[in-house]
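# Understanding the architecture of this molecule
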Amino acid sequence: MLPKDNKPYIGRFAPSPTGSLHFGSLIAATASYLCAKSKEGKWLLRIEDVDQFRVKKDSIYQILQTLEQYGYQWDDAILYQSQRTQAYDAALNDLGSLVYPCSCTRKFLRKQMPEGTYGYVYPSFCREKMTNPDAAQFAIRLRTHDEPIGFTDYLQGDYQQAVALEVGDFILKRSDQLFSYQLAVVVDDEYQQITEVVRGSDLLDNTPRQCYLQHCLNYQQPQYLHFPTAVTPDGKKLSKQNHSPEVSDTEKRQTILDTLHFLGQAPPALDQFSCLNDVWVWAIQYWDRDKIPAQMTLPEHYPNCL
Ligand code: GLU
């Protein structure tokens, strides 16, 4: 099926290799996978290893192994952000005078900003002129404006944010020369021609920044669907966990069925499926994004995924 403008559907799953996948990541994988596959679209895999300091040894291998074992099938070559430096540099260049160098260190900001405000809105100290013109290292920030940036999310509805007032001029390249998630994700969504971004609502308040960047770079804006993030009954987020390669086929089938339950689908019971592939065949055929609930909490009886 083709979206309104007749472009074939292209979705993506973009894990950060900061550990193995956890149940919440599998929910993101399942949701984005089924949105793409149910529309006969492509599902691309992107490894968001842009922040080399946070990459955990072996986690890329573990992530790929887990996805393969659970039967997700990605299309095309995997995109690694660590290999995209030139593209990010080119985008920064295209932004011209919309960006500026910033020498403010954390220490400096902590000292200059009123108690309790550090870490929220950047006060644009370097906007007109670097506060420390002799700084050996500086970050690159994007100028923002007070106008609210809005978009309509498929599940969360209209969402808007006055980026300048709520975040401030944000960093595109850090002083240690690493590119920020915001720049990398926008450049890559454009490069991979993503038509819809399906991800957890913990990233909802990042999206106006990304829409603003897309606008500044003259990129197409994809559709967005932010599903509620899975939390434990006491409101905690899930942590990374190991999916051992020794997990039986029955357990894998059950885990995928669990992701479907959390996404509001009503799959038949485990014993109705003789293999993992049958679960996927059912899921692709009966996927209904309108059934994804507004909130998602793990039930008490599901300790295995915590
Ligand atoms: N890399 C992010 C994560 O692992 C996802 C970012 C995105 O989907 O835009 O949570």
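First, a word on scope: everything that follows refers to the structure included in this document. (Residues numbered from 1 in each chain as written. Predicted model: local features only at pLDDT ≥ 70, side-chain atom pairs only at ≥ 80, totals over all residues. Heavy atoms only, no water.)

### Quick look at the overall build of the protein chain
Of regular secondary structure, the protein chain possesses nine helices and ten strands. Residue burial in the protein chain is summarised as follows: out of 306 residues, 49% are buried. When the accessible surface of the protein chain is summed, it comes to about 15600 Å², and 48% of that surface belongs to carbon and sulfur atoms. (Helix = DSSP H or I, 4+ residues; strand = E, 2+ residues; numbered from the N terminus. Buried < 20%, exposed > 50% of the residue type's maximum accessible area, 1.4 Å probe, protein only. Areas by Shrake-Rupley, 256 points an atom, 1.4 Å probe, with all protein chains shown as cover.)

### Focus on the packing of aromatic side chains
Summed over the entire model, instances satisfying the criterion amount to 13 aromatic pairs. Aromatic pair F23 and F262: ring centres 5.2 Å apart, planes at 75 degrees, arrangement edge-to-face. In this pair, F23 is assigned in helix α1 (residues 23-37) and F262 in helix α8 (residues 249-262), connecting sequence segments 239 residues apart. Summarising the burial analysis for this pair, F23 and F262 share the class buried. A centroid spacing of 5.8 Å and a plane angle of 25 degrees characterise the contact between W43 and Y72, whose relative ring orientation is stacked. Taken together, the residues W43 in strand β2 (residues 42-47) and Y72 in the loop between α2 (59-69) and β3 (75-80) connect sequence positions 29 residues apart. (Phe/Tyr/Trp six-rings, centres within 6.5 Å; stacked < 30°, edge-to-face > 60°.)

### Comments concerning the nonpolar core
One finds F13, L67, Y72, F227 and W280 to be the most contacted residues of the largest nonpolar core, which totals 39 residues. If you list the elements that add at least two residues to this core, you get α1, β2, α2, β10 (223-227), α8 and α9 (276-286). Considering each element in turn, this core owes the most residues, ten residues, to α1. In this view, W280 contacts T30, Y33, L34, Y70, G71, Y72 and I256; residues no more than four positions away in its chain are not counted. Counting 31 residues, the second-largest nonpolar core is a separate cluster that includes Y88, A91, L92 and I194. (Core = buried A, V, L, I, M, F, W, Y, C linked by side-chain atoms within 4.5 Å. Contact = heavy atoms within 4.5 Å.)

### Re unusual backbone geometry
A positive phi angle, near 55 degrees, is found at E40, a position not held by glycine. Following the sequence through the fold, E40 ends up in the loop between α1 and β2.

### Some thoughts on the site of the ligand
Near the ligand the following residues occur: R12, A14, P15, S16, E48, Y181, V185, R199 and L203. Between the ligand and the protein, one listed contact pairs a nitrogen atom with a backbone N or O atom of A14 at 2.7 Å. Contacts to the ligand include S16, whose side-chain N or O atom sits 2.7 Å from a nitrogen atom. In terms of residue class, the shell around the ligand is built from five nonpolar, one polar and three charged. (Near = heavy atom within 4 Å. Polar contact = N/O pair within 3.5 Å; in protein donor to acceptor, adjacent residues only side chain to side chain. Nonpolar A, V, L, I, M, F, W, Y, C, P; charged D, E, K, R; others polar.)

### Some details on the pattern of salt bridges
Side-chain pairs of opposite charge can arise whenever the charged atoms involved come near each other. Going through the model one piece at a time under the given rule, you end up with twelve salt bridges. Measuring nitrogen to oxygen at the nearest pair gives 2.8 Å for the salt bridge that ties R84 to D188. Of the two residues, R84 sits in the loop between β3 and α3 (85-94) while D188 sits in helix α6 (residues 181-191), which places them 104 residues apart along the sequence. Across this residue pair, the class does not change: R84 and D188 are buried. Through salt bridges with shared partners, a single ionic network connects R12, R46, E48 and D189. (Salt bridge = Lys/Arg side-chain N within 4 Å of Asp/Glu carboxyl O.)

### Regarding the sheet that holds strand β4 (residues 99-102)
Read from one edge to the other, the open sheet built from three strands follows the order β4-β5-β8, with strand pairing classed as antiparallel. Each edge of the open sheet is held by one strand with a lone partner, namely β4 and β8 (170-173). Mean inter-strand twist for the sheet, computed between neighbouring axes without regard to direction, equals 45 degrees. Of the strand pairs in this sheet, strand β5 (residues 139-142) and β8 are connected by three bridges, and their pairing is antiparallel. Note on β8: the bridge partner recorded for R141 is I171. (Pairing = 2+ DSSP bridges. Axes fitted to C-alpha atoms, helices over the stretch in contact; angles between N-to-C directions.)

### Here's the deal with the packing of α3 against α6
At their nearest, the axes of α3 and α6 sit 10 Å apart, and the two run at 100 degrees to each other. By the angle class used here, α3 and α6 are roughly perpendicular. Together, A87, Y88, A91 and L92 of α3 and L183, A184, V187 and D188 of α6 make up the contact between the two elements. Taken together, the residues of the contact of α3 with α6 sort by class into seven nonpolar, no polar and one charged. (Parallel < 35°, antiparallel > 145°, perpendicular 65-115°, else oblique.)

### Description of α9
Turning to α9, its buried residues are L276, V279, W280, W282 and A283. Here the buried residues of α9 occupy an arc of 165 degrees about the axis, which is enough to place them on one side. Looking at the packing, one finds that the buried side of α9 touches α1, α2 and α8. (Arc of directions from axis to C-beta.)

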